[in-house]
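# A closer look at the structure
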Amino acid sequence: MKCCDGHIQDSRTVSQPSEFPQKQSVYGLFGIRLYWSGGGYRGPAVVAVAARKLEDAQEFATKHSISRVYGSYEELARDPDIDVVYIGVIHPYHLSTCLLFTNAKKNVLCEKPLAMNTKEVKEILSSAKRNDVFLMEAVWTRFFPASVEIRRLVDQGEVGEVKMVRSEFGVPISHVPRSGQKELGGGAILDIGIYCLQFICMVFNGEKPESIQAMGVCLETGVDETVVVTLKFSRNRMAVFSCSSGVKLPNDAIIAGTKGNIRIPDHMWCPTSLEVNGKETQYPVPEPYLPLNYLNSTGMRYEAEEVRQCLLKGTCNISHVGLKESAVVSHADSLLLAELEDEIRRQVGVVYSQDSK
C-alpha cells in the first residue's frame, strides 16, 4: 500500500510501514502503495508524506525514511503510485480533503470523526461510491486485539444478553486550541466522546437507539466541554457515557450482561487488557522503535492492516481492488455515528458553521 499524510498537529511516531500517525500531528496525509511484482503481492509501504509546509513534510520524511515529499495535497493526489491515503487533518477539513482524494480515485482512510455532521458524511460516502474507491473512518479502537475479543465474547453470548453498557473518557485538554475553538472543530463529543459512542454502537451491533438524552456544559467559545448521554435501545437495553475535555475521568468501560460482565479497566479508547467476570487478560500492542506522543500508538497498525486486507480481498491486482468498505467500521457505522453526534450536539446546544451550509 502507498499512503500519504501531511496536515496533522502533534505527530505520533510511525512504528511500522503499516502504521499511521493520528490526527494531532504536524503532518496530515500519508501515501501508501500496495506493491505488486510478477510473482504477486510483495507488501505495503509508506512512500509519501504531504504537509501544508514543505519543510515540515521533509523533516518527517527524513525521520521515517519516506521517499517522496509534497508541499500540497494536490501534488499527492496526482501521484499515480499512491494506492491509499491516510487523512489526519483536523476534522473541519475532512470533507474537502476526502473529496480531493476520492475524486482522484484514491482509496482513503480518514481520521475520526469522518466529518463535522451527517450532511458532510453523506457527501463523502457518496463521493467514494461514485468514484468506486475504498473509504473507512479511522476508528482505530475497533481493531485492537482486545476489541476483537470483546466482539467475540458478545457475539457468542459469553456474558448472556447485554443489558447495560457504560463508558467514560475524560482528559483535561480544553486549553488546547483544536479542542476549545469552534472554528477548529473543538468540543468533547467530536474529539473524544466519539470513542465512547462508537464503543456502545459496536456492542449493540450498529443498532440505532430508540431514544437519546444528553446534557452538557459548554465553554465560552460555544463548544461542549463535558457531556453525559443516556441511550435506550430495543428490549429495554441501556447505555450511558460521559466525556469531558475539562477533567480526567476513570476512562474505563463496562458491558453488563445477564451472565456476566466485561470491563476495560483503563484507556478504553486503546485497550490492552480486559476483565471478564473478574479474570483479567492482557492484550499488549507492539513496542515502538521511537518515542510516542500518544498512548499505545503502535496499535494504529491494526486499522492499517484492515485497510490492506479489504483492498486485497479476492484480488490479484491492485487495479481490481476488492472491498470498498470495512465490515468492522462500515459506511453505515459512520453514518450512524454522525447522526447520533448531531442529535447530541443539538440537545447540548453546539452549532458549527458547517451546520448551516
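Refer to the structure printed above.
Rules behind the numbers
Residues numbered from 1 in each chain as written. Predicted model: local features only at pLDDT ≥ 70, side-chain atom pairs only at ≥ 80, totals over all residues. Heavy atoms only, no water. Helix = DSSP H or I, 4+ residues; strand = E, 2+ residues; numbered from the N terminus. Buried < 20%, exposed > 50% of the residue type's maximum accessible area, 1.4 Å probe, protein only. Axes fitted to C-alpha atoms, helices over the stretch in contact; angles between N-to-C directions. Parallel < 35°, antiparallel > 145°, perpendicular 65-115°, else oblique. Left-handed = near helix turned anticlockwise from the far one by under 90°. Contact = heavy atoms within 4.5 Å. Pairing = 2+ DSSP bridges. Phe/Tyr/Trp six-rings, centres within 6.5 Å; stacked < 30°, edge-to-face > 60°. Expected span 1.5 Å × (residues − 1). Nonpolar A, V, L, I, M, F, W, Y, C, P; charged D, E, K, R; others polar. Polar contact = N/O pair within 3.5 Å; in protein donor to acceptor, adjacent residues only side chain to side chain. Arc of directions from axis to C-beta.

Turning our eyes to something else, we now look at unusual backbone geometry. Note on backbone geometry: most residues besides glycine have negative phi, and most peptide bonds are trans. In this structure, Pro-113 follows Lys-112 across a cis peptide bond, with omega equal to -10°. Here Pro-113 is to be found in the loop between strand S6 (107-111) and helix H4 (118-130). At Asn-236, a residue that is not glycine, the phi angle is positive and equals roughly 60°. Along the chain, the position of Asn-236 falls in the loop between strand S10 (224-233) and strand S11 (237-244). By relative accessible area, which is 56% here, Asn-236 ends up exposed. The phi dihedral of Asn-251 is positive, around 60°, even though this residue is not glycine. Looking at the element boundaries, Asn-251 is found in the loop between S11 and strand S12 (253-257).

On to the packing of helix H7 (residues 188-203) against helix H9 (residues 331-348). In contact at an axis separation of 10 Å, H7 and H9 are set at 125° when each is read in the N-to-C sense. Relative to H9, the element H7 is oriented oblique. Read as a crossing pair, H7 and H9 show a hand that is right-handed. In contact with Ile-189, Leu-190, Ile-194, Leu-197, Gln-198 and Cys-201 of H7, H9 contributes Leu-336, Leu-337, Leu-340, Glu-341 and Ile-344.

Strands sit in the order S9-S10-S11-S8-S12-S13-S14-S15 across an open sheet of eight strands; the sheet is mixed. Among the strands making up the open sheet, the edge pair consists of strand S9 (211-218) and strand S15 (279-282). The average angle at which neighbouring strand axes cross in this sheet is 10°, direction not considered. The pairing of strand S13 (residues 260-264) with strand S14 (residues 273-276) spans two bridges and is antiparallel. Following the sheet pairing, Arg-263 is matched in S14 by Glu-275. Relative to S11, H7 is tilted by about 160°, and along the sheet it contacts strand S8 (162-170), S10, S11, S12 and S13. Across the sheet, H9 lies against S9, S10 and S11, angled at about 55° from S9, the strand it touches most.

Glancing now at the packing of aromatic side chains. The relative placement of two aromatic rings is captured by the distance of their centres and the angle of their planes. One pass over the structure, following the stated rule, counts five aromatic pairs. Taken together, a centroid distance of 5.6 Å and an interplanar angle of 55° make the contact between Phe-169 and Tyr-195 tilted. Linking Phe-169 in strand S8 with Tyr-195 in helix H7, this pair joins segments that are 26 residues apart in sequence. Accessibility expressed as a relative area gives 4% for Phe-169, which makes it buried. By relative accessible area, which is 3% here, Tyr-195 ends up buried. For the pair Phe-169 and Trp-269, a centre-to-centre distance of 4.1 Å together with 5° between the ring planes defines the contact as stacked. Of this pair, Phe-169 sits in strand S8 while Trp-269 is found in the loop between S13 and S14, placing the two residues 100 residues apart along the sequence.

For the rest of this paragraph, the subject is H4. Taking 1.5 Å per residue as the helical rise, H4 with its 13 residues ought to reach 18 Å, and the 18 Å between its terminal C-alpha atoms agrees with that figure. Thr-118, Glu-120, Val-121, Ile-124, Leu-125, Ser-127 and Ala-128 are the residues of H4 that are buried. Contact partners of the buried residues in H4: helix H3 (94-103), strand S7 (135-138) and H9. Residue Asp-132 follows H4 closely and has a positive phi angle near 60°.

On to the packing of H3 against H4, then. Between H3 and H4, whose axes approach to 9 Å, the crossing angle comes to 5°. On the basis of the axis angle, H3 is roughly parallel to H4. Of the residues in H4, those touching H3 at His-94, Leu-95, Cys-98, Leu-99, Thr-102 and Asn-103 are Glu-120, Glu-123, Ile-124, Ser-127, Ala-128 and Arg-130. Class assignment for the residues of the contact of H3 with H4 results in five nonpolar, four polar and three charged.

Moving on to the environment of Ser-326. Residue position: Ser-326 is located in the loop between helix H8 (301-312) and H9. Contacts of Ser-326, omitting those with residues within four sequence positions, involve Phe-134, Met-136, Phe-143, Glu-306 and Cys-310. Within polar-contact distance, the side chain of Ser-326 engages the side chain of Glu-306 at 2.7 Å.

For helix H5 (residues 145-155), the set of buried residues is Ala-146, Ser-147, Glu-149, Ile-150, Leu-153 and Val-154. Taken down its axis, H5 places every buried residue within 155° of arc, on the same side. The inward-facing, buried residues of H5 abut S8, H7, S12, S13 and S14. Taken from the residues just after H5, Gly-157 is the one with a positive phi, measuring 70°.

Function cannot be read off these values alone, since they describe shape.
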